[in-house]
Amino acid sequence: MIRIAAGSGFWGDWPQAPRLQVESGPIDYLVMDYLAEVTLSLMHRQKARNPTAGYAADFVTDIAALLPTLLDRNIRVIANAGGANPRACAEAVCATAAALGIAGLRVAVVTGDDLLADRGGSVPLESVVKPFYPDGRPFSSIASKLVGAHAYCGVESVVEALHRDAQIIITGRVADPSLFLAPYLHEFQVGPRDWDARALGTVVGHILECGGQASGGNFMGDWESVPHLHRLGFPIAEFESADKAVITKHDSLGGLVSPATIKEQLVYEIGDPTRYVTPDCVSDFTTIELREIGANRVEVSGVRGADPPEKLKVAAYYESGWMISGQLTYTWPEARRKAEAAGRLIEQRSRERVGDRVNNWRVEVIGAGACHGALQPAIPEPEEVTLRVTAFSEDRAALDEVGREFAPLILTGPPGATGFAGGRPKPSPVFAYWPGLIDRNEVEPVVEVFVS
Amino acid sequence: MKVRLYALAHGRSGDKGDSVNIGVITRREEWYEFLRENLTADAVASFLQPIAEGPVKRYELPNLGALNYVVEHALGGGGSTSLQLDAQGKTYAQALLRMPIHVPDALGVEIHTHWGDDLPQECLVPE
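One structure accompanies this document, and this report is about it. Note that this is a predicted model, so its numbers are computed, not measured.

All names here are of chain A. Considering the arrangement of structural elements, one finds Ala-245 in strand β9 (residues 244–248). With 38 residues separating them along the chain, Ala-245 and Ser-283 place their C-alpha atoms 15 Å apart. Apart from residues no more than four positions distant in its own chain, Ala-245 is found in contact with Leu-200, Val-204, Glu-238, Phe-239, Val-298, Glu-299 and Val-300.

Put into structure tokens, the structure is as follows:
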């Protein structure tokens, strides 16, 4: 029986989760997902300012506290916390281990995904990276503003790292479900073309990759019935054999694992369910069989799969401009009208200073339809609303001027503005996302093992 | 009887670029056929018009009692470039579940039985 525990759904997820997974019951693998779409662009910016940065530094500190237990119980950790600088992350883990008096800790680093850093310079990227959609703009159109470009690598190199007895495995961009598929393939000696088995492991990976979102978090089905969210147990996949998995959680932790919670996670971020594509296989979600076999125990089986596409997906990020956003709160009487008037004032006054240097504006009234717009019933007089003004420009200085127009509203605008904590809004860089495709043979994943 | 979709289903939304996908999951397996017949892609596209341009494509997952709607041009550009508060479409499943839907009397009875006293008042829609 192997137990694969989810430890993190994104960079910034609940810091208690990994510790609670380790301390609250038996697990064999702790797998942590740190990379949402834009995360890598933020990490590249960090690395540009400091060449030893560019990875999830909190992974290093969170794992440090757990190292003695992980080693004592032979729990292996797989994390894409390496981000834009996987080697630096691994070195930091080794240094932390050494400082704790732990020698001989084997930390694997999986790279090859970073198309700017990891490829030799012989063939220019423009000629091998194609747009993902047929009508997408060519790579050359973003090349001059490129911040980073990563291929979504698959499971093979993570399996190799496990095979080389790494205790901690740190990757850059690997497809999220592949992180969870790796221990399953490693333990069960599944054949390289057993697509159904790879699809089962991939579906389990999709269930676990967002952490608590499968075990009672963000649960629309019956959120108030989920016990002890303050001690939420992230999901755990148990495999006694290769043909099915049981999704569960530690008994002593809070949360809920039911067919309903798992279904909400299964439909999350999918398109055509018959073709859920990863570098490792194509899974057909319409073949998944869920069976509740006990309290907080749901069996997953019956999954059918097929061979994956020839090409790998590429995620590239480029500088597209700057964005600024600020808020002010107004109350009864005439809360909404005051907020709308304030929004107009900010825009009018800004335009006096920046003219047409600001390309896009958006004025929203939170509490009166910011999320659901005209779908929500017209509330004649909301008691209290928050104005939100957001602007985009390629000209950062123009947005600096816009940022100076918020606080003055308190003394020079409609009456009773509040909620202006946090200081003057500042522009932040916008990294636009460009999806692409690359041939597998253009990407060479590499596994290195560092030892503390 | 007219109810909001929330009385029949729950779900979750996710984003991909400027598209949002909304998974709608029936609260009871036996209600899936009714939704499959009535919650068409066109009906969803029409209802979501105020907040999403579309088009809408629908996929069926009968094994899970679920329907997946992929809605294009929904997020003001999406991801890091969108100016809207809900740039990642985290509230779009809730938006769709507001949708009023006519149910036959027998199904109305099942809905009341399922919820007992807990059926949210706002889910009953005056005719």
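Resuming the write-up.
This part takes up helix α11 (residues 396–403) of chain A. All names here are of chain A. All of the buried residues in α11 are Ala-398, Leu-399, Val-402 and Gly-403. Axial view of α11: buried residues confined to an arc of 145°, hence all on one face. Of the surrounding secondary structure, the elements contacted by the buried residues of α11 are β15 (311–331), α10 (335–354), β16 (360–366) and β17 (384–393). At the N-terminal boundary of α11, the capping side chain belongs to Asp-395, with an oxygen 3.1 Å from the backbone nitrogen of Ala-397.

Here we come to the packing of helix α7 (residues 176–188) of chain A against helix α8 (residues 195–208) of chain A. All names here are of chain A. As a packed pair, α7 and α8 sit with axes 8 Å apart at the nearest point and diverge in direction by 130°. One finds that α7 runs oblique with respect to α8. Where α7 crosses over α8, the two elements pack in a sense that is right-handed. Where α7 approaches α8, its residues Pro-177, Phe-180, Leu-181, Tyr-184 and Leu-185 are matched on the opposing element by Ala-197, Arg-198, Leu-200, Gly-201, Thr-202, Gly-205, His-206 and Leu-208. When its residues are assigned to classes, the contact of α7 with α8 shows eight nonpolar, four polar and one charged.

A word on the layout of surface pockets. Of the pockets and cavities examined, the second largest pocket occupies roughly 680 Å³. Within the residue set of the lining of the second largest pocket, elements represented by two or more residues are α9 (259–266) of chain A together with β3 (19–26) and α4 (105–115) of chain B. Its residues assigned to classes, the lining of the second largest pocket comprises 14 nonpolar, eight polar and seven charged.

What counts, and where the lines are drawn
- Residues numbered from 1 in each chain as written.
- Chains lettered and ligands numbered in written order.
- Predicted model: local features only at pLDDT ≥ 70, side-chain atom pairs only at ≥ 80, totals over all residues.
- Heavy atoms only, no water.
- Helix = DSSP H or I, 4+ residues; strand = E, 2+ residues; numbered from the N terminus.
- Contact = heavy atoms within 4.5 Å.
- Buried < 20%, exposed > 50% of the residue type's maximum accessible area, 1.4 Å probe, protein only.
- Arc of directions from axis to C-beta.
- Polar contact = N/O pair within 3.5 Å; in protein donor to acceptor, adjacent residues only side chain to side chain.
- Axes fitted to C-alpha atoms, helices over the stretch in contact; angles between N-to-C directions.
- Parallel < 35°, antiparallel > 145°, perpendicular 65-115°, else oblique.
- Left-handed = near helix turned anticlockwise from the far one by under 90°.
- Nonpolar A, V, L, I, M, F, W, Y, C, P; charged D, E, K, R; others polar.
- 1 Å grid on protein atoms, 1.4 Å probe; cavity = no way out; pocket = protein on both sides within 12 Å on 5 of 7 lines; lining within 4 Å.
- Points joined across faces, edges and corners; volume = space filled by probe spheres on them.

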